[in-house]
Amino acid sequence: TKQTGYTALDYGFVNTAATRSAITYIDGDQGVLRYRGYAIEDVAANSTYLEVAWLLIYGELPTPSELSEFEERIRRHTLLHEDLRRFFDALPHTAHPMSVLSSAVSALSTFYEGSLSVRDPEQIEISTIRLLAKLPVIAAYAHKKSLGQAFLYPDNSLSFVENFLKLNFGTMAEPYEVDPVLSKALDRLLILHEDHEQNASTSTVRLVGSTEANLFASISAGINALYGPLHGGANEAVLKMLGEIRDSGESVERFIERVKNKEQGVKLMGFGHRVYKNFDPRARLVKQSADEVLEALGVQDPLLDIAKQLEEAALADDYFVERRLYPNVDFYTGVIYKAMGFPTRMFTVLFAIGRLPGWIAHWREMNTDPATKIGRPQQLYTGAPARDWPQR
Ligand code: SDX
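Residues numbered from 1 in each chain as written. Predicted model: local features only at pLDDT ≥ 70, side-chain atom pairs only at ≥ 80, totals over all residues. Heavy atoms only, no water.

## Notes on the overall build of the chain
Helices and strands together make up the secondary structure of the chain, namely 17 helices and 3 strands. Relative to the globule expectation of 21 Å for 392 residues, the C-alpha radius of gyration of the chain, 22 Å, shows essentially globular dimensions. Taken across its 392 residues, the chain has 51% of its residues classed as buried. Per element, the accessible surface of the chain, about 18,900 Å² overall, is 52% carbon and sulfur. (Helix = DSSP H or I, 4+ residues; strand = E, 2+ residues; numbered from the N terminus. Rg over C-alpha atoms; globule rule 2.2 N^0.38 Å. Buried < 20%, exposed > 50% of the residue type's maximum accessible area, 1.4 Å probe, protein only. Areas by Shrake-Rupley, 256 points an atom, 1.4 Å probe, with all protein chains shown as cover.)

## What about the UniProt feature "active site" (unreviewed entry) in the chain?
UniProt records the feature "active site" (unreviewed entry) at His-273 and Asp-330, using the numbering of this structure. The greatest C-alpha distance among the residues just named is 10.5 Å, despite their covering 58 residues of sequence, which places them together in space. The annotated residues contributing to the lining of the largest cavity are His-273. Take His-273: it is sitting in the loop between α12 (252-260) and α13 (281-296). Ignoring any residue separated from it by four or fewer positions in sequence, one finds His-273 in contact with His-196, Asp-280, Arg-282 and Asn-328. At 3.1 Å, the side chain of His-273 and the backbone nitrogen of Tyr-276 are in polar contact. If you trace the backbone, Asp-330 turns up in helix α16 (residues 330-340). With near-sequence residues (within four places) excluded, Asp-330 lies in contact with His-231, Gly-232, Ala-234, Asn-235, Val-238, Gly-270 and Phe-351. (UniProt positions renumbered as here; feature names shortened; annotations may be inferred. 1 Å grid on protein atoms, 1.4 Å probe; cavity = no way out; pocket = protein on both sides within 12 Å on 5 of 7 lines; lining within 4 Å. Contact = heavy atoms within 4.5 Å. Polar contact = N/O pair within 3.5 Å; in protein donor to acceptor, adjacent residues only side chain to side chain.)

## Quick word on the site of the ligand
Surveying the vicinity of the ligand reveals 24 residues, the closest of which are His-196, Lys-262, His-273, Arg-282 and Arg-355. At 2.9 Å from a nitrogen atom of the ligand is found a main-chain nitrogen or oxygen belonging to Phe-271. With respect to the ligand, the side chain of Arg-355 contributes an N or O atom lying 2.8 Å from an oxygen atom. Protein contacts shield 78% of the accessible area of the ligand, which totals 1,100 Å² for the unbound molecule. Within the shell around the ligand, the residues separate by chemical class into 9 nonpolar, 7 polar and 8 charged. (Near = heavy atom within 4 Å. Nonpolar A, V, L, I, M, F, W, Y, C, P; charged D, E, K, R; others polar.)

## Considerations on the sheet that holds strand β2 (residues 32-35)
The strands making up a sheet associate through hydrogen bonds between their backbones, and the pairing can be parallel or antiparallel. Strand order in the open sheet formed by 3 strands is β1-β2-β3, with antiparallel pairing between adjacent strands. Across the chains shown, the open sheet's two edge strands, defined by having one partner strand only, are β1 (24-27) and β3 (38-39). (Pairing = 2+ DSSP bridges.)

## Re the side chain of Lys-144
Its location among the elements puts Lys-144 in helix α6 (residues 121-147). Of the side chains with opposite charge, Glu-174 lies nearest to the buried Lys-144, which makes no salt bridge, at 10 Å. Reaching out from Lys-144, the side chain makes a polar contact with the backbone oxygen of Asn-168 at a distance of 3.4 Å. (Lys, Arg positive; Asp, Glu negative; His and termini not counted. Salt bridge = Lys/Arg side-chain N within 4 Å of Asp/Glu carboxyl O.)

## Let's talk about the environment of Gly-114
Examined against the element boundaries, Gly-114 turns out to sit in the loop between α5 (97-108) and α6. Between the C-alpha atoms of Gly-114 and Ala-283, which are 169 residues apart in sequence, the distance is 42 Å.

## Remarks on the packing of aromatic side chains
Any aromatic ring pair is given by two values, namely how distant the centres are and how the planes are angled relative to each other. The tally for this structure, following the rule as stated, stands at 16 aromatic pairs. Where Trp-54 meets Phe-70, the ring centres are 5.3 Å apart and the plane angle is 80 degrees; that geometry is what we call edge-to-face. Taken as a pair, Trp-54 in helix α2 (residues 49-58) and Phe-70 in helix α3 (residues 64-75) lie far apart in primary sequence, 16 residues in all. Considered together, Trp-54 and Phe-70 belong to a single accessibility category, that of buried residues. Measuring from ring centre to ring centre gives 5.8 Å for Phe-88 and Tyr-141, while their planes differ by 80 degrees; the resulting arrangement is edge-to-face. (Phe/Tyr/Trp six-rings, centres within 6.5 Å; stacked < 30°, edge-to-face > 60°.)

## Comments concerning the packing of α5 against helix α17 (residues 347-367)
Between α5 and α17, whose axes approach to 8 Å, the crossing angle comes to 35 degrees. Seen from α5, the contacting residues are Pro-97, Met-98 and Leu-101; seen from α17, they are Thr-348, Val-349 and Ala-352. Considered class by class, the residues forming the contact of α5 with α17 number 5 nonpolar, 1 polar and no charged. (Axes fitted to C-alpha atoms, helices over the stretch in contact; angles between N-to-C directions.)

## Some thoughts on the pairing of β1
Burial along β1 is one-sided: the face carrying Thr-24 and Ile-26 is buried and the face carrying Tyr-25 and Asp-27 is not. With 4 bridges connecting them, β1 and β2 associate as antiparallel partners. Across the sheet, the residue bridging to Thr-24 is Tyr-35, located in β2.

## With respect to the pairing of β2
Residues Leu-33 and Tyr-35 of β2 are buried on one face, while the alternating residues Val-32 and Arg-34, pointing to the opposite face, are not. Here β1 hands over to β2 after 4 residues, with Gly-31 in that stretch at a positive phi of 65 degrees. Remark: 2 residues form the turn of the hairpin made by β2 and β3, two consecutive strands paired antiparallel; Arg-36 in that turn has positive phi of roughly 50 degrees.

## Structural notes on the nonpolar core
Ile-219, Met-241, Leu-268, Leu-310 and Phe-342 are the most contacted members of the largest nonpolar core, which has 117 residues in total. The residues contacting Leu-268, other than those within four sequence positions of it, are Met-241, Phe-255, Ile-256, Val-259, Leu-310, Ala-314, Phe-320 and Phe-331. (Core = buried A, V, L, I, M, F, W, Y, C linked by side-chain atoms within 4.5 Å.)

## Concerning the pattern of salt bridges
Scanning the model with the defined rule gives 21 salt bridges in all. The partner of Lys-260 in a salt bridge is Glu-257, with the nearest N and O atoms 3.4 Å apart. Here the residue Lys-260 and the residue Glu-257 both occupy positions in helix α12, the gap between them amounting to 3 residues, near one helical turn. Here Lys-287 and Glu-311 are joined by a salt bridge, their closest N and O atoms 2.9 Å apart. With Lys-287 in helix α13 and Glu-311 in helix α14 (residues 302-315), this residue pair connects regions lying 24 residues apart in the sequence. For Lys-287, a relative accessible area of 27% corresponds to the partly exposed category.

What follows is the structure, encoded as structure tokens:
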């Protein structure tokens, strides 16, 4: 209105239709999150990453035989083509794993030319299984690349999460014993990230998929959207923030003051949410896990104490209460990933592995809905009104 004198109503402002989906339900005021109708608290306590992946993608919980057949299909496709293993040689060891992930996923599609159809259900299955099987391997190779260590081959005698842990922390030099505490905790964290309705990265996957781009291209775009520090990249940013508070010796109270004064745009990373204007139910579950995992691993991490002090101080401060800012899923996850041995730059990669089933489920839902049209977000024009070209 300021620039052009026109208001939205003059343009017949039409609210863009909300996206219809049957996959995940969130009530931001009540702090409710349900996967296909099941409360996140029940899902996280009773299921596994792959069982939830089936639930999100196919709509119902799998029977035991459906689940074991699904796990077997995924196990059979964990190997990367040797040419794709060489893809990593082209990248510097300093490459951020999220950049490696999105480019490797895009490159992965070149090995399946001829089965990238977005209409053929069988080819959609092929893409689905290849991505679920190979994304963790690509992620582990990005981690190993950053360490300058040799890549291991998947060990299909292990479960999905055990295999992922071994690919990350095993070496050629000695046998690797999977710690059941680690694999159970990681499986639970992955479940908590599997879907979250129309968040930025899922909306990206749907928008790219709406042009009939293949599943690999859509997922690669979703990974890039997740990378940003306001979205999935926040878990990495939280650890950086906690480390800076620890290293500077700055008190939690002083840091909170700087956030409230918006000094140099500083934010309380891991706090706030577009939808949850109450607690994020996932944050509660992650916080519980943080205490359990660090105790089970015998890890004392001052960063967890700083995180708890920050939460306590913020929740008692009107600035945060008035703005309805609460811890979100990213606030405590990094402390657990660090205790597990992952470097900070792998945290958002772990978020991407968690979110992959949700992205796939939304792409398939959008893709099989006959009412789907190509995405075209509406614009409210605020530029100059029509005018004549100047005589020069
Ligand atoms: C995820 O959408 C999803 O579902 C995402 C996700 C998923 O599972 O996919 O849940 C995952 O992305 C979680 C969010 C992770 N990001 C962060 O933790 C980054 C820090 N948070 C903020 O950047 C922010 O809270 C957002 C981006 C998450 C949400 O922004 P909003 O809802 O648009 O809030 P806003 O920017 O309109 O802020 C409202 C007020 C502002 O103050 P005033 O201008 O009114 O004075 O709250 C302030 C903001 O400055 N504010 C913060 C803050 N978040 C908002 N102030 C300090 N620290 C913060 N973290």
